[in-house]
Amino acid sequence: MATRRVPERLRWAVDRLDLRAGHRVLEIGCGNGVAVALICAVPAVARVVAVDRSATALRAAAQRNAAQVAAGRAVFRHADLSTLDSPGERYDRILAVNVNLFWTRPPTAEFRRLAGLLAPDGVLHLVYEPPHPARLAPLVDRLVDRVGAAGWTVAEIARVDRPTPLLDVVARPA
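Residues numbered from 1 in each chain as written. Predicted model: local features only at pLDDT ≥ 70, side-chain atom pairs only at ≥ 80, totals over all residues. Heavy atoms only, no water.

Undergrad: Just give me the short version of the side chain of Arg73, but keep the residues and values in it.
TA: Mapped onto the elements, Arg73 comes out in the loop between helix H4 (66-70) and strand E3 (74-78). Nearest to the buried, unbridged Arg73 among oppositely charged side chains is Asp92, at 12 Å. Ignoring any residue separated from it by four or fewer positions in sequence, one finds Arg73 in contact with Cys40, Val42, Pro43, Val45, Ala46, Arg47, Val48 and Gln68. (Helix = DSSP H or I, 4+ residues; strand = E, 2+ residues; numbered from the N terminus. Buried < 20%, exposed > 50% of the residue type's maximum accessible area, 1.4 Å probe, protein only. Lys, Arg positive; Asp, Glu negative; His and termini not counted. Salt bridge = Lys/Arg side-chain N within 4 Å of Asp/Glu carboxyl O. Contact = heavy atoms within 4.5 Å.)

Undergrad: So what's going on with the packing of aromatic side chains? Which residues, and what values?
TA: Overall, the coordinates contain two aromatic pairs when judged by the stated rule. Both rings, one in Phe102 and one in Phe111, keep their centres 5.5 Å apart while their planes meet at 70°; by these two values the pair is edge-to-face. When sorted by exposure, Phe102 lands in the same class as Phe111, which is buried. The structure contains a cluster of three or more aromatic residues connected by ring pairs, namely Phe102, Phe111 and Trp152. (Phe/Tyr/Trp six-rings, centres within 6.5 Å; stacked < 30°, edge-to-face > 60°.)

Undergrad: Tell me about the environment of Leu114, and name the residues and values.
TA: Position of Leu114 relative to the elements: it lies in helix H6 (residues 108-117). The buried category is assigned to Leu114, whose relative accessible area is 0%. Along the primary structure Leu114 and Leu124 are separated by ten residues, whereas in three dimensions their C-alpha atoms are 8.3 Å apart. In contact with Leu114, not counting residues within four places along its chain, are Ile28, Leu81, Ile94, Phe102, Leu124 and Trp152.

Undergrad: Residue-level account of the pairing of strand E2 (residues 47-52), with values.
TA: With five of six residues buried, E2 lies mostly within the body of the structure. Pairing between strand E1 (residues 24-28) and E2: five bridges, direction parallel. Bridged to Leu26 within E2 is Val49. Following the chain from E1 across helix H2 (residues 34-40) to the adjacent parallel E2, one finds a crossover that is right-handed. Strand direction decides the pairing type here: E2 and E3, joined by five bridges, are parallel. Each residue of the ladder has a partner; that of Val48, found in E3, is Ala74. (Pairing = 2+ DSSP bridges. Right-handed = clockwise from strand over helix to strand, strands pointing away.)

Undergrad: Explain the pattern of salt bridges residue by residue, including any values.
TA: Going through the model one piece at a time under the given rule, you end up with twelve salt bridges. Here Glu8 makes a salt bridge to Arg162, at a shortest N to O gap of 3.6 Å. Taken together, the residues Glu8 in helix H1 (residues 8-16) and Arg162 in the loop between strand E6 (152-160) and strand E7 (166-173) connect sequence positions 154 residues apart. A salt bridge links Arg16 to Asp168, with the shortest nitrogen-to-oxygen separation between them at 2.8 Å. Remark: Asp168 occurs in strand E7 and Arg16 occurs in helix H1; sequence separation between them is 152 residues. By sharing partners, the salt bridges in this structure join Glu8, Arg9, Glu129 and Arg162 into a single network.

Undergrad: Can you explain the sheet that holds E7? Please cite residues and give values.
TA: Spatial ordering of the open sheet is given by E3-E2-E1-E4-E5-E7-E6, a layout of seven strands whose pairing is mixed. In this open sheet, the two edge strands, each paired with only one partner strand, are E3 and E6. Strand-to-strand, the axes of this sheet are offset by a mean angle of 20°, without reference to chain direction. Across four bridges, E1 lies against strand E4 (residues 91-97) in parallel orientation. By the bridge assignment for E4, Glu27 is matched with Leu95. (Axes fitted to C-alpha atoms, helices over the stretch in contact; angles between N-to-C directions.)

Rendered as structure tokens:
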């Protein structure tokens, strides 16, 4: 990964996870696996499960993280969040970067699924990089509304204001 540019939003998102020894992480919409590689670079992390609806993206992600897959530290699944089957698995951190479903429509079924996947002290990080600063405030409002409507609480809202802003809405089931 040293020769590939890592987007700032992904570095920031992974830093925001505040990973600890033994943490298990679920990434929703992993794309080509850049965030998974950053998460696996944290030695204390026990395991990362990454899901995406694109088989092409998952192939690229598995190839990028081949050593971690072979070691059992990274697992990639072709799945939609609403139908993700993860029996008995609980995650300390769930990460979704620029996953539109959380703000474009009421994701009630997805929030129910996530509540069943979170460990008791786990948190969900909804990270976004809006294309323009003027879109940040409406995005925050929409996400806070969606989180609350699903019966979750917002634990924290972090943002970086710069030419292209970054947002992290941290949530947990109520």
